[in-house]
Amino acid sequence: GLRARDLDAMVLKTRVTELLKIEHPIIQGGMHHVGYATLAAAVSNAGGLGTVTALTQRTPELLRDEIRACKALLKPGKPFAVNFTLLPSLAPPDYGAYAQVIVDEGVPVVETAGRNPGKWIAFFKKHGVTVVHKCVAIKHALTAQRLGADCISMDGFECAGHPGEDDVGNLVLLAKAKTALTIPYVASGGVGTGEQLAACLALGADGVNMGTRFMATKEAPVHDGIKAALVKADERSTTLVMKSVGNTERVYKNDVARRVQEIEKENPGKIEAIRHLVSGENYRKSFQESGDPDSSVWSCGVVMGLIDDVPTCEELVRRMVADAERVITGRLPSMVGGRSGLWSMVAGRSRL
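About the criteria used
All chains use their own residue numbering, which begins from 1 and follows the written sequence. For a predicted model such as this one, the threshold for reporting local features is a pLDDT of at least 70, and the threshold for listing and counting side-chain atom pairs is 80 or more; totals across whole chains, interfaces and linings nevertheless cover every residue. The side-chain numbers reported here are obtained from all heavy atoms of the structure, hydrogens and water having been left aside. For this analysis, a ring pair means two rings from Phe, Tyr or Trp (six-membered ring only for Trp) whose centres lie within 6.5 Å, classed as stacked if their planes differ by under 30 degrees, edge-to-face if by over 60, and tilted for the remaining angles. Numbering of helices and strands runs from the N terminus, with a helix taken as a DSSP run of H or I at least four residues long and a strand as a DSSP run of E at least two residues long. Relative accessible area decides the class of each residue, using a 1.4 Å probe on protein chains only: under 20% of the type maximum gives buried, over 50% gives exposed, and in between gives partly exposed. Consider the ring centre and the ring normal. A charge sits over the ring if Lys NZ or Arg CZ is within 6 Å of that centre and within 35 degrees of that normal. For cavity detection a 1 Å grid was placed over the protein atoms alone, and a set of points counts as a cavity when a 1.4 Å probe fits there but cannot get out; an open set counts as a pocket when protein lies on both sides within 12 Å along at least five of seven lines, with lining residues being those that have an atom within 4 Å of a point. Grid points are joined across faces, edges and corners, and a volume is the space filled by probe spheres set on the points. For this analysis, a salt bridge means a side-chain nitrogen from Lys or Arg found within 4 Å of a carboxyl oxygen belonging to Asp or Glu. Residues are grouped as follows: Ala, Val, Leu, Ile, Met, Phe, Trp, Tyr, Cys and Pro are nonpolar; Asp, Glu, Lys and Arg are charged; all remaining types, including Gly, are polar. Here, a strand pair is defined by DSSP locating no fewer than two bridges between the strands. Orient the strands so they point away from the viewer; a crossover is then right-handed if the path from the first strand over the helix to the second runs clockwise. Throughout, an axis means a line fitted to C-alpha atoms (over the contacting stretch in the case of helices), and angles, computed between N-to-C directions, take values from 0 to 180 degrees.

1. Observations concerning the packing of aromatic side chains
Step number 1: Following the criterion strictly, the structure yields 9 aromatic pairs and no others.
Step number 2: Taken together, a centroid distance of 5.2 Å and an interplanar angle of 85 degrees make the contact between Phe84 and Phe124 edge-to-face. Highlighted residues: Phe84 in strand E3 (residues 81-86) and Phe124 in helix H6 (residues 118-126), separated in sequence by 40 residues. The same class applies to Phe84 and to Phe124, which are both buried.
Step number 3: When the ring of Tyr252 is compared with that of Trp298, the centres are 4.7 Å apart and the planes differ by 20 degrees; the resulting orientation is stacked. On the criterion of sequence distance, the pair formed by Tyr252 in strand E10 (residues 249-252) and Trp298 in the loop between helix H14 (280-290) and helix H15 (313-335) is long-range, its members being 46 residues apart. Note on accessibility: Tyr252 and Trp298 belong to one class, buried.
Step number 4: An aromatic cluster is built from Phe84, Tyr95, Trp120, Phe123 and Phe124, whose rings are joined through pairwise contacts.
Step number 5: The residue whose ring lies beneath Arg250 is Phe157, and the NZ or CZ to ring-centre distance is 4.7 Å.

2. With respect to the layout of surface pockets
Step number 1: In this structure, the second largest pocket spans a volume of roughly 160 Å³.
Step number 2: Residue lining of the second largest pocket: Glu158, Asn170, Leu171, Leu174, Ala187, Gly189, Gly190, Val191, Gln196, Ala199, Cys200 and Leu203, and that is the complete set.
Step number 3: Those elements that provide at least two residues to the lining of the second largest pocket are helix H8 (170-180) and helix H9 (194-203).
Step number 4: Examining the composition of the lining of the second largest pocket, we find that 4 residues originate from one element, H9, more than from any other.

3. Here we look at the pattern of salt bridges
Between side chains of opposite charge, pairing is possible as soon as their charged atoms come close.
Step number 1: Counted under the stated rule, the structure contains 19 salt bridges.
Step number 2: In this structure, the salt-bridge partner of Asp104 is Arg64, at a minimum N-O distance of 4.0 Å. Residue Asp104 is located in helix H5 (residues 95-104), and its partner Arg64 is located in helix H4 (residues 60-73); the two are separated by 40 residues in the primary sequence.
Step number 3: With relative accessibility at 15%, the residue Arg64 sits in the buried group.
Step number 4: What emerges from the salt-bridge pattern is a single network uniting Glu61, Arg64, Arg68, Lys71, Asp104 and Glu105.

4. Here's the deal with empty space enclosed by the protein
Step number 1: Enumeration according to the criterion identifies 1 cavity of 30 Å³ or more in this entry.
Step number 2: In this model, the largest cavity occupies a volume close to 50 Å³.
Step number 3: In this structure, the largest cavity is lined by Ile27, Leu49, Thr51, Ala81, Val109, Glu111, Val132, Ser153, Val186 and Asn209.
Step number 4: Partitioning the lining of the largest cavity into residue classes produces 6 nonpolar, 3 polar and 1 charged.

5. Here we look at the pairing of E3
Step number 1: Most of E3 is tucked away, with 6 of its 6 residues classed as buried.
Step number 2: What you see with E3 is no split at all: Ala81, Asn83 and Thr85 on one side and Val82, Phe84 and Leu86 on the other are buried throughout.
Step number 3: Pairing of strand E2 (residues 51-53) with E3, which is carried by 3 bridges, proceeds in the parallel orientation. Of the residues in E3, the one forming a bridge with Val52 is Val82.
Step number 4: Taking the sense of rotation as the criterion, the β-α-β connection linking E2, H4 and E3 turns out right-handed.
Step number 5: As defined by bridge partners, E3 adjoins strand E4 (residues 109-114) across 6 bridges and the pair is classed as parallel. Bridging from a neighbouring strand, Thr85 pairs with Ala113 of E4.

6. Remarks on the sheet that holds strand E6 (residues 151-155)
Strand-to-strand pairing in sheets goes through backbone hydrogen bonds, with the strands running parallel or antiparallel.
Step number 1: Pairing within the open sheet is parallel, and its 8 strands lie in the order E1-E8-E7-E6-E5-E4-E3-E2. A single partner strand is all that each edge strand has here, and the edge strands are strand E1 (26-28) and E2. Recorded for the sheet is a direction-independent mean angle of 30 degrees between the axes of neighbouring strands.
Step number 2: Relative to strand E8 (residues 208-210), E1 runs parallel, the two sharing 3 bridges. The residue of E8 that forms the bridge with Ile26 is Val208.

Set out below in structure tokens:
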């Protein structure tokens, strides 16, 4: 294996590590009932960017407590983020009060997500907060760039949670983002290994954002039963629900999810027919109390096919960076032979 000294020497420098003032280009994205201070601090202390999920906290004051708990766990100089998701809701939370707490507490980075983020991007930017906007389509990324976002989290169809309604995977999405965007972007959805980190950098991304992979870490505040399910499952262990209501969600494939799909077939477009099965409180109990992966509808990504262990956040981040560097400095250069006539032709054209 790699010696600790070798791992310490490995640093991938990108526009995102510079922008977010982090050591490694790896972000832990916001996750409902998972993004608490303990996980966020563990990721940030490992050299990535950890994220506290604002709306997991029932009130703005509880968010303030969670932010302060995160700060208390951080090593000196380590930044962290808060996820601020705008959800379609009949009774929306007091977003203004949550946003004010984020600013008051001096949170350096905010991950925005959801519909019509313009007002909130402007608010956070006015207060000197770096904004990473998560979106699922190039057109939304271009809008966020125009509205002043500093970075985009490009969320492909592979992702846990809400992949949008376009069904475009990251292989195309990331390559297209490179030609479309001028601000940095990270790859979100389906990522869990260093080889994938290297691939994302090769496609033009400046780092990766991971959710499901960070759920299967020692510090993730979810029940061991859920972590065991993530390790045992494979890339075919997810399914899509809520497609009929235009709010598609990628979730763990179990009988509850199949029941939601059956009800949707019978009552397409009627959220009230499935609300009792898809409520967040159901999976909060699975994550924090029962640990039973078959008891609720809960978000996870196809990356489960690449999760074989439950390391600490530091072990995971270091391993990924070491594996990415091995690909970048070892495997890829070994494929480039002498300069062929084709190379001269391409080089000549690029100089024109």
